[in-house]
Amino acid sequence: MTDHYDVIVIGGGPGGYVAAIRCAQLGLKTACIDNFRDKKGKGAPGGTCLNVGCIPSKALLDSSEHYEMARDGLGAHGVKVGELSFDLDTMLARKDKIVSDLTSGVTMLFKANKISYYNGHGTLHAERKVSVRDADGKTTAELSADHVILASGSAPMELPPVPFDHDTIVDSTGALAFESVPKRLGVIGAGVIGLELGSVWRRLGSQVVVLEALDTFLAAADDQVSREAARQFKRQGLEIRLGAKVTGAKVTKNGCVVSYESGGKNEELTVDKLIVAIGRRAFTDDLFDEGLGISTDKRGFIEIDENNRTGMDKVYAIGDVVPGPMLAHKASEEGVALAERIAGHPAHLDHNTVPWVIYTHPEIAWVGKTERELKDDGVPVATGQFSFAATGRAKAMNESGGFVKIVAHKETDRILGVHIIGPRASELIAEAVLAMEYHASAEDLARTIHAHPTLSEAVHEAALAVGKRAIHKAN
Ligand code: FAD
Ligand code: NAD
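Residues numbered from 1 in each chain as written. Chains lettered and ligands numbered in written order. Predicted model: local features only at pLDDT ≥ 70, side-chain atom pairs only at ≥ 80, totals over all residues. Heavy atoms only, no water.

The immediate surroundings of ligand 1 are formed by 39 residues, with Asp34, Asn35, Thr48, Lys58 and Gly122 found nearest. For ligand 1, an oxygen atom lies 2.8 Å from a polar atom in the backbone of Gly15. One of the side-chain N or O atoms of His329 is found 3.3 Å from an oxygen atom in ligand 1. Residue contributions to the shell around ligand 1 peak at four residues, all from helix H2 (residues 47–52). The residue makeup of the shell around ligand 1, split by class, is 16 nonpolar, 19 polar and four charged. (Near = heavy atom within 4 Å. Polar contact = N/O pair within 3.5 Å; in protein donor to acceptor, adjacent residues only side chain to side chain. Helix = DSSP H or I, 4+ residues; strand = E, 2+ residues; numbered from the N terminus. Nonpolar A, V, L, I, M, F, W, Y, C, P; charged D, E, K, R; others polar.)

Right, let's talk about the domain arrangement of the chain for a bit. According to the domain assignment, the chain consists of domain 1 (3–156 + 281–349), domain 2 (169–278) and domain 3 (353–466). Using C-alpha coordinates to define each centre, domain 1 is positioned 28 Å away from domain 2. Taken together, the contact pairs 18 residues of domain 1 with 16 residues of domain 2. Surface buried jointly by domain 1 and domain 2 totals about 1,400 Å² across both partners, of which 64% is contributed by carbon and sulfur atoms. At the surface where domain 1 touches domain 2, the tally comes to three salt bridges. (Domains from an automatic or database assignment. Contact = heavy atoms within 4.5 Å. Buried area = accessible area lost by both parts, 1.4 Å probe. Salt bridge = Lys/Arg side-chain N within 4 Å of Asp/Glu carboxyl O.)

This paragraph deals with the sheet that holds strand S13 (residues 255–262). On the basis of which strands lie adjacent, the open sheet formed by three strands has the order S12-S13-S14 and antiparallel pairing. For this open sheet the edge positions go to strand S12 (245–252) and strand S14 (265–271), each flanked by a neighbour on one side alone. Direction aside, the axes of adjacent strands within the sheet are offset by 20 degrees on average. In terms of strand pairing, S13 meets S14 through seven bridges, oriented antiparallel. (Pairing = 2+ DSSP bridges. Axes fitted to C-alpha atoms, helices over the stretch in contact; angles between N-to-C directions.)

Taken together, the side chains of Val79, Val81 and Leu84 define a hydrophobic patch exposed on the protein surface, amounting to about 200 Å² of accessible area. Along the chain, the position of Val81 falls in the loop between helix H3 (54–73) and helix H4 (88–112). With relative accessibility at 38%, the residue Val81 sits in the partly exposed group. (Patch = residues over 30% accessible without salt bridge, like charges linked within 9 Å, V, L, I, M, F, W, Y side chains within 5 Å. Areas by Shrake-Rupley, 256 points an atom, 1.4 Å probe, with all protein chains shown as cover. Buried < 20%, exposed > 50% of the residue type's maximum accessible area, 1.4 Å probe, protein only.)

Moving on, we come to the nonpolar core. Leu218, Ile275 and Ile364 are the most contacted members of the largest nonpolar core, which has 35 residues in total. Every element with two or more residues in this core is listed here: H3, H4, strand S9 (184–188), helix H6 (192–203), strand S10 (207–211), helix H7 (223–236) and strand S19 (363–368). At four residues, the largest contribution of residues to this core is made by H6. Grouped together as the second largest cluster of nonpolar side chains are 33 residues, Val357, Ala425, Ala446 and Ala458 included. (Core = buried A, V, L, I, M, F, W, Y, C linked by side-chain atoms within 4.5 Å.)

This next bit is on the side chain of Gln236. With respect to the element layout, Gln236 can be found in helix H7. Take Gln236: its relative accessible area is 19%, and that puts it in the buried class. Separated by 2.5 Å, the side chain of Gln236 and the backbone oxygen of His361 make a polar contact. Other than its neighbours up to four places away in sequence, Gln236 contacts Arg202, His361 and Pro362.

This next bit is on H4. Because each turn of an α-helix spans 3.6 residues, side chains separated by three or four positions in sequence point in the same direction. The terminal C-alpha atoms of H4, which comprises 25 residues, lie 36 Å apart, in line with the 36 Å expected from a rise of 1.5 Å per residue. Each element contacted by the buried residues of H4 is listed here: helix H1 (16–25), strand S2 (30–34), H2, H3, strand S3 (116–119) and H6. Of the residues that open H4, the one with a side-chain oxygen 3.2 Å from the backbone nitrogen of Asp89 is Asp87. Lys114 sits one or two residues past H4 and shows a positive phi near 55 degrees. (Expected span 1.5 Å × (residues − 1).)

What follows is the structure, given as C-alpha cells:
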C-alpha cells in the first residue's frame, strides 16, 4: 500500500527538517525521509549540519578556544592556571553528546509535529511516487505526495590526485574525529573548513600548514578583513601558503608527503594527517529517476527558478543541493519560505542578506557586498570603520583586535554591506542583517541607542563614521 502525503521532504538537514516542520505547522500532512545514521545505526536526522558540520565543528572550536585561552590568554587577566593539559577523549565525547542530543531533538520535533520520519534513502519516481530503501537496498516504504521537496544537501569534494583513504587523508568528517592530535597537519584549501578545523588542531598543538591554490586569501571577504585575518592567523602560527597547486600525495610509514607546485617550483610537505577541504558538491546520488524533467547544472546543482521549483511539476529543491551559499541558515530559511508558498501563502527570501560567519579567533562575519564588489559595479560608496581597540568592552575583555566596517551608498546612505573581524562577530552581524533587511541607512544605525559598554558600540561607531562623526576616533 502507498501512503500518500501532502508533502514529502527528501533529506532531513537544516533545509529539509525545518521545511517539514513548517509544512506541518501549516496543516500539511508531511513526511521526511533522511538516511543519516549514527555510529550505533540509529537514525540521526539533522543532516551534515548537526552530525558532521556546524555543530560538531563549533563544539571543538569552543573547547579548543577555552584551552588556548587558559594557556595564553588568562594570564593577562591576572588569572593563574597551574599545570595545564587537556583530555581529547573527553573533548570528542562532549562533541558527540551535543550532536546526539540535537539529532534526538529533531526526532522529537518530528513526533511533536506529527511528521512521519522514515530513516532510509529516498528516490523520487514519476507521478511524485517516492521509494525508501534501507542500508541494504531493500525497499521499506512506497509513498506518494502532492508536493516533493528535494533537500539532499552536499558532500565533500575529492581532489583527484589526493584521494581520501579516510585514515591519513581525510575530509572534514574525519578531521572532527582524530583520535590523537597530529603533530604535523596539512590542510588543502584555505576556505571556511580549512580555517576553522585548522584552528582547532593548531590550538591543541598541531603544526598546521594550509595549502591554498589561489593567490588571494579569503577572496570572498572584504579586502581589509582578509588582510587583517591573514595577519592574525600568521601571528597565531597558522601557516597559509597561497598559490600552491597540489599535484599528489603519497602515504608512507612516516606520514603523508604532499607534492605541490608553487611559483613554478615543485615543493613537498610532509604531514601526519591531511585534511582535504576544497569545497563541497551537491549530493544527488540516486535521488530522482532520469526523464522526470529535473535538471542539474554543470557543477551538479539542481536547477530551480526563483520559487525553488525544479523542472518537474510540484517538485522543489532547497539548501546545499541548489546553487547559492552552502549555509545552514540559508537552507532553513529557503525551507520555511517554500513551505509557506506550498501552503498558499506569499513568502520570499532576500538572498542579499544571508550572513556569512567564519568561527575562527577572531571571528569573521559579513553581510551584503564588499567595497570592492560595489566599486567594480560602479556604485558610489561611503565607508565607516571602527576598531575594537577603541571599544571599552573589547578592551575589558582583552579582545581588542579587529574592526567593524560599514559600506553605504554615497548618495542614499543605504547600508550595502557590513564586515566585521573581531570578538563575537558572529553575534554582532545579526544587527547588520536586520538593518539591511529593513533597508536601513547608516544614519538609522547611527541614531539607534546601543548599550554601553558593549561590543555593539563598535557597530554604532562604524555607522557614525560613515558620516564622519564617530565619537571615539579622529574622523
Ligand atoms: P544537509 O545538511 O547536507 O542535509 C541533507 C540530508 O539529506 C543529509 O542527512 C543526507 O544524508 C540526507 N540525504 C541525502 N540524500 C538523501 C536521499 N536520497 N534520501 C534520504 N536522505 C538523503 N553552515 C553554517 O551555516 N554554519 C556553520 O557553522 C557551518 N559549519 C560547517 C562545518 C562543516 C565541517 C561542514 C561540512 C559544513 C558546515 N556548514 C555550516 C554548512 C552546512 O552544514 C550546510 O550548509 C547545511 O547542512 C546544508 O543543509 P541541507 O539541509 O541543504 O543539507
Ligand atoms: P570553501 O569553498 O569555503 O573553500 C575551499 C578552498 O579551497 C577555497 O579557498 C579554494 O580556492 C580552495 N581550493 C579549491 N581547490 C583547491 C586545490 N586543488 N588546492 C588547493 N586549494 C584549493 O569550501 P570548504 O572550506 O570545503 O567548505 C565547504 C562549504 O561548507 C563552504 O562553502 C561553506 O559554505 C560551508 N561551511 C560553512 C561554515 C560556516 O558557515 N562557518 C563552516 C564550514 C563549512
